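So the chains spell out like this:
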Amino acid sequence: GSLFLALPFYIYHANHIFSLLFYVSLIILSWKRYKSISLLWVSVFIFFVLTIFIYSKTLLTADKTKISGLFAIGDESLVYEKVTVDRSQHENSPKLITNLLHNKFLFTTISIMQNYIRSFSPEFLFITDRGNEQHNIGDFGNLYLWEAPFLLLGFAYLLMLKGENKYLIISWVLISPIAASITKDAPHTARMAAIMPIFDIIIAFGFL
């Protein structure tokens, strides 16, 4: 299991975040099931050896330049618009207050939160591709519009379930948009592709 969960790291950068967090959630949610702690540590060792190897080939080499360019904080024109320009509009305010209200950290935090929320917006899920034409059909969402009521019913059914499987599905949904949310052009279908299989399962719950 650890071997197959580590393989997505070698496919796409977004999996560097999703797969790691999903693996940790699996360990936490199924902790009581393990009959052999030593076997668990062997599993964890296999997973982290494979992940550390790929991290060393991406985050610590030329790919780190490409990855850093995906972040909103790495876009100088965006930082200028959202930080420098906003500061200039408060010339009469104390400099300390202005700097506290308009800075890179706050800009990045708000940007990530907004991107995360947009990942669940009806517009992104059912209406438009937000310009990512290389990953989507033009002017078309990631799910069919007729699936919307079944998705809502599925979430309602999910909340009524008991056991760790319920929390595994919820953690899967909540973790999936994180990788896309930290980039400047979020929401992004390819970077949160891990959420699509779980949407199908929840929609199936809705049919049930």
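Before reading on, note that the structure itself is shown above.
Definitions and limits used
- Residues numbered from 1 in each chain as written.
- Predicted model: local features only at pLDDT ≥ 70, side-chain atom pairs only at ≥ 80, totals over all residues.
- Heavy atoms only, no water.
- Helix = DSSP H or I, 4+ residues; strand = E, 2+ residues; numbered from the N terminus.
- Areas by Shrake-Rupley, 256 points an atom, 1.4 Å probe, with all protein chains shown as cover.
- Axes fitted to C-alpha atoms, helices over the stretch in contact; angles between N-to-C directions.
- Parallel < 35°, antiparallel > 145°, perpendicular 65-115°, else oblique.
- Left-handed = near helix turned anticlockwise from the far one by under 90°.
- Contact = heavy atoms within 4.5 Å.
- Polar contact = N/O pair within 3.5 Å; in protein donor to acceptor, adjacent residues only side chain to side chain.
- Core = buried A, V, L, I, M, F, W, Y, C linked by side-chain atoms within 4.5 Å.
- Buried < 20%, exposed > 50% of the residue type's maximum accessible area, 1.4 Å probe, protein only.
- Phe/Tyr/Trp six-rings, centres within 6.5 Å; stacked < 30°, edge-to-face > 60°.

**Student:** Break down the overall build of the chain for me, with residues and values.
**Tutor:** Counting secondary structure elements, the chain contains twelve helices and zero strands. Starting at the N terminus, the α and β elements of the chain follow one another as α-α-α-α-α-α-α-α-α-α-α-α. Approximately 12900 Å² of the chain is accessible, and the part contributed by carbon and sulfur atoms is 69%.

**Student:** Residue-level account of the packing of helix α9 (residues 148-160) against helix α10 (residues 164-175), with values.
**Tutor:** Their axes nearest at 9 Å, the elements α9 and α10 cross at an angle of 135 degrees. In terms of orientation, α9 lies oblique with respect to α10. For the crossing formed where α9 meets α10, the hand is left-handed. Contact residues: F155, L158 and L159 in α9; K166, I169, I170 and V173 in α10.

**Student:** An account of the environment of V49 is needed here, citing residue identities and associated values.
**Tutor:** Summarising the element assignment, V49 is placed in helix α3 (residues 37-58). For the pair V49 and A6, spaced 43 residues apart in sequence, the C-alpha to C-alpha distance is 9.3 Å.

**Student:** Describe the side chain of T183, with residues and values.
**Tutor:** In this structure, T183 sits in the loop between α11 (178-181) and α12 (195-207). In this structure the side chain of T183 is engaged in a polar contact, spanning 3.2 Å, whose partner is the side chain of R191.

**Student:** Mind laying out the nonpolar core, listing which residues take part and the relevant values?
**Tutor:** F126, L151, I169, I195, I198 and F199 are the most contacted members of the largest nonpolar core, which has 22 residues in total. Counting residues in each nonpolar core, the second largest holds nine residues, with L40, V44, F47 and Y55 among its members.

**Student:** Please give an account of the environment of T109 that cites residues and values.
**Tutor:** Relative to the helices and strands, T109 is located in helix α7 (residues 104-118). Expressed as a C-alpha distance, the spacing of T109 and I182, which sit 73 residues apart in the sequence, is 8.9 Å.

**Student:** Tell me about the packing of aromatic side chains, residues and numbers included.
**Tutor:** A complete count under the given rule lists 13 aromatic pairs for this structure. Ring centres of F22 and W172 lie 5.2 Å apart, and the angle between their planes is 55 degrees; this geometry places the pair in the tilted category. Of this pair, F22 sits in helix α2 (residues 15-29) while W172 sits in helix α10, and the two are 150 residues apart along the sequence. Relative to F120, the ring of Y116 has its centre 5.6 Å away and its plane inclined at 65 degrees; by these criteria the two rings are edge-to-face. With relative accessibility at 30%, the residue F120 sits in the partly exposed group.

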